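Structural overview for review
The residues making up each chain are set out below.
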Amino acid sequence: MSLDHISHVVPTSRRDYPEWHHGREQYALWYIEIQNPELILYLNQVQDYFSEYLLFPNTRQFHITLFICGFLAQNQAIFDDDFTQQQFQQQYLCLKSHLPQKFKLKIGALNSFSSALYLDVLDTDLALEKIRAQCAQFSDEVAALSYCPHITVGLYNAAYPSQSILDKMATFPAQQFEIDISQIKFGYYQAQVLQGPLHTLQNISLGDVCCNSY
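The protein carries the name 2'-5' RNA ligase family protein in an unreviewed UniProt entry, which gives Acinetobacter tibetensis as its organism.

**A look at helix α3 (residues 85-97)**
With 13 residues, α3 ought to run about 18 Å at 1.5 Å a step, and its terminal C-alpha atoms sit 18 Å apart, in line with that. For α3, every residue scored as buried is listed here: Gln-87, Phe-88, Gln-91, Tyr-92, Cys-94 and Leu-95. End-on view of α3: buried residues confined to an arc of 165°, all on one side of the axis. More than 90 degrees from the buried face of α3, the exposed residues found are Gln-86 and Ser-97.

**Points about the pairing of strand β9 (residues 199-205)**
β9 sits mainly inside the fold: five of its seven residues count as buried. Here strand β8 (residues 183-190) runs beside β9; their pairing, made up of six bridges, is antiparallel. Paired with Lys-185 across the bridge in β9 is Asn-203.

**Observations concerning the nonpolar core**
Membership of the largest hydrophobic core comes to 48 residues, with the highest contact counts inside it found for Trp-30 and Leu-39. The contacts of Leu-39, once residues within four sequence positions are left out, are Ile-34, Ile-107, Leu-119, Ile-151, Phe-177 and Ile-179. Counting residues in hydrophobic clusters, the runner-up holds eight residues, among them Tyr-27, Phe-71, Tyr-189 and Ala-191.

The rules behind the values
- Sequence order sets the numbering: in each chain, residues are counted from 1 along the sequence as written.
- For a predicted model such as this one, the threshold for reporting local features is a pLDDT of at least 70, and the threshold for listing and counting side-chain atom pairs is 80 or more; totals across whole chains, interfaces and linings nevertheless cover every residue.
- Side-chain metrics rest on all non-hydrogen atoms present in the structure, leaving aside hydrogens and water.
- Secondary structure counts use DSSP, requiring at least four H or I residues in a row for a helix and at least two E residues in a row for a strand, with both numbered from the N terminus.
- Helices are assigned an expected span. That span is 1.5 Å times one less than the residue count.
- Classification of residues uses two cut-offs on accessible area relative to the type maximum, computed with a 1.4 Å probe and protein chains only: under 20% is buried, over 50% is exposed, and between them is partly exposed.
- To obtain the arc, one takes the directions from the helix axis to the C-beta atoms.
- In this analysis, strands are considered paired if DSSP registers two or more bridges between them.
- Take the buried residues of types Ala, Val, Leu, Ile, Met, Phe, Trp, Tyr and Cys, join any two whose side-chain atoms come within 4.5 Å, and each joined set is a nonpolar core.
- Should any heavy atoms of two residues lie within 4.5 Å, those residues are counted as being in contact.

Here's what the structure looks like:
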């Protein structure tokens, strides 16, 4: 939901979420890690500019989520949001055998969800949608709403008036970028570590014949 339709942003509480993870640890997803130095510098500048509103520490790498898989399960799924090794292998082999070519993405305006500040990602050639369609053949995406590709800058630390966020956004000098995408990653973050780092389990190089495992 955009800030135009709510009076206050939604804060993230710094606590454990046992009703979500049920003791499970590794929450898996396909993603693109941002590796463009100029864009990373800009994202850090945005984060610094809005630091009074954002939740810290935040050690998660800047990234674009492609497909949220769920909690890694060793064997069979127990909960609806478990993701099995078989499902991963199916997705991996499908992506590997239908490797897209390297592509470009445009990074657009500063924007905000009700709970997070982000940069828009413009998927003009539908490259991200094609990758998502391949993943969706073998598992339902967890908590899937309408897909909005983006790069999260940070989560809000309190219920600030939406207008204060919008006013500060209007004063920040906007930049736009076009970045080259040459690989996608499969990995996880620790569910009990709020905004903790992403851990890569698999790399797929786009347009290349081999895939390198970490």
